[in-house]
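Chain residues, written in single-letter form:
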Amino acid sequence: MSNEQQKPVIGFTCGDLNGIGMELIIKTLADHRLLDICTPVVFASNKSLNFYKKSLPEHTFNYANARELNRLNPKQVNVVNCWEEEVAITPGQLNEIGGKYALISLQQATQALKDGFIQGLVTAPIHKKNIQSEAFQYSGHTPYLKAMFNVPDVVMLMTAENMRVGLVTEHVPLNEIAKHITRENILSKLRIIHSSLQKDFGIDKPRIAVLGLNPHAGDEGLIGNEEETIIKPAIKEAKHNMLVFGPYSSDAFFARGQFERFDAVLAMYHDQGLIPFKSLALGEGTNYTAGLPVVRTSPDHGTAFDIAGKGKADHSSFLAAVFECIEIIRMRLGYADMRRNPLKKISARMIANAVDERIEENEG
């Protein structure tokens, strides 16, 4: 199989047209070295890309029009024109135009993902309020993709070089969080994270930490009882077939670096997990949707309207999301191959054992 055939096809959504999404795409894909490891497909329009391209003269961004998804150019950035009409782009402004075309881009990219024309998807940031419509009544990308792929549950998993943090609840008001903290929900998230760590990240026996809901993890029932009645029983049940530990008090857990002993952490709610993640993650963080039959990643930030159209956006996190998407696709293929050919795994172990024995003999 040639290198061109091995490269995964990665789709890109434009995000809110008035945000920094287009700038991130141009800056990221202007690096032609990415074409050595993937075939990019941008779901937007030539006119919209050219609008932002003019403000970034220092970045050489070339592309080819993709009229048919089954006839992509593997040596160039491909652009699918999701709309032909002129659009009034106003960088930094929150309006219905930004949300309307963000949804069109997302819908067409999702369909391409479902049809198998692309193997992975990197989504630029949307604004969760102005994208709302009859076709999009979700709190973000994660629940939308869960519905589109008709899976029972997914996990918003933040990943970086030194940590992975998943959430039981995502974009839920604080006064409603407790009712979503159930034994069933915790177990479902733990199963998805455990499976993802194995097949997406190549960790055979992952260790997962679970945080408590209340301060000091409830202090044995003195500060709330969710830990005693819900979280601890869920952890006990999960231990039957997973390495799960906790519940831990969130502040001490991160402050003392305990997260470094685990392959992933399950937080109970958004800020409990994301504040320490964004503060402590080495390198650039990525938002990964675990539990889908496909691979979707995104940067760990929003639309940044305050700097949109000014050429100031840092594309490091977006680039990290691209690399993560490609790497997970490769890990999944390797995992599936190992499952289809168990002798490969046995042979690898035999070789390793033989090498160890030979070393011992020589040392003896």
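Structure shown above.
This structure is a prediction, so every number in the text was calculated from the model and none was measured.

Q: Help me out: how do you make sense of the pairing of strand β11 (residues 286-290) in this one?
A: Regular strands place their side chains on alternate faces of the sheet. Counting buried residues in β11 gives five out of five residues, a clear majority hidden from the surface. Side chains of β11 alternate between two faces, with T286, Y288 and A290 and N287 and T289 buried alike. Of the pairings in the sheet, the one linking strand β6 (residues 155-159) to β11 comprises five bridges and is antiparallel in character. Within the sheet, the bridge partner assigned to T159 lies in β11 and is T286. Sheet topology note: the β11/strand β12 (residues 295-299) ladder contains three bridges and is antiparallel. When the bridges of β12 are listed, T286 appears paired with P299. Where β11 folds back on β12, the antiparallel hairpin that results is connected by four residues, among which G291 adopts a positive phi of roughly 105°.

Q: Is there a simple way to think about the environment of L69 in this case?
A: With respect to the helices and strands, the residue L69 is situated in the loop between β3 (63-65) and β4 (77-81). Separated by 59 residues in sequence, L69 and I10 place their C-alpha atoms 12 Å apart. Beyond its immediate chain neighbours, meaning those up to four positions away, L69 contacts V41, F43, V80, A112 and F117.

Q: What should I look at first to understand the sheet that holds β11 in this one?
A: Strand-to-strand pairing in sheets goes through backbone hydrogen bonds, with the strands running parallel or antiparallel. Taken in spatial order, the 12 strands line up as β3-β4-β2-β1-β5-β12-β11-β6-β7-β10-β8-β9 in an open sheet, and their pairing is mixed. Here the strands that pair on one side only, and so sit at the sheet edges, are β3 and β9 (243-248). Ignoring strand direction, the axes of neighbouring strands in this sheet form an average angle of 25°.

Q: Help me understand the packing of aromatic side chains in this model?
A: How two aromatic rings sit relative to each other is set out by the distance from centre to centre and by the angle between their planes. As enumerated under the stated definition, the model contains 14 aromatic pairs in all. An angle of 45° between the planes, with centres 5.7 Å apart, marks the rings of F61 and Y63 as tilted. Look at Y248 and F253: their rings are 5.1 Å apart centre to centre, the planes differ by 40°, and that puts the pair in the tilted class. Comparing Y248 with F253, the two get one shared label, buried. Among the aromatic residues, those joined into a cluster by ring pairs are F245, Y248, F253, F254, F259 and F262. Residue placement shows R164 over the ring face of F201; its charged tip is 4.7 Å from the ring centre.

Q: Any chance you could explain the state of the cysteines here in plain terms?
A: Among covalent bonds in proteins, the disulfide is the one between the sulfur atoms of two cysteines. Within this structure, the stated rule accounts for zero disulfides. For C14, which is in no disulfide, the shortest distance to another cysteine sulfur is to C82 and amounts to 7.3 Å. Left unpaired, C325 is separated from the closest cysteine sulfur, that of C38, by 8.5 Å. For C325, a relative accessible area of 0% puts it in the buried group.

Q: Which parts of the structure should I look at to understand the pairing of strand β1 (residues 9-13)?
A: For β1, the tally of buried residues reaches five of five residues, placing the bulk of the element in the interior. By the bridge criterion, five bridges tie β1 to strand β2 (residues 39-44) in an arrangement that is parallel. Across the sheet, the residue bridging to F12 is V42, located in β2. For the crossover that starts at β1, traverses helix α2 (residues 21-29) and ends in the parallel β2, the hand is right-handed. One ladder, built from four bridges, connects β1 with strand β5 (residues 120-123); its direction is parallel. Directly across from G11, in β5, lies its bridge partner L121.

Criteria and cut-off values
Residues numbered from 1 in each chain as written. Predicted model: local features only at pLDDT ≥ 70, side-chain atom pairs only at ≥ 80, totals over all residues. Heavy atoms only, no water. Buried < 20%, exposed > 50% of the residue type's maximum accessible area, 1.4 Å probe, protein only. Helix = DSSP H or I, 4+ residues; strand = E, 2+ residues; numbered from the N terminus. Pairing = 2+ DSSP bridges. Contact = heavy atoms within 4.5 Å. Axes fitted to C-alpha atoms, helices over the stretch in contact; angles between N-to-C directions. Phe/Tyr/Trp six-rings, centres within 6.5 Å; stacked < 30°, edge-to-face > 60°. Lys NZ or Arg CZ within 6 Å of the ring centre and 35° of its normal. Disulfide = S-S within 2.5 Å. Right-handed = clockwise from strand over helix to strand, strands pointing away.

Taken by themselves, the reported measurements are silent on function.
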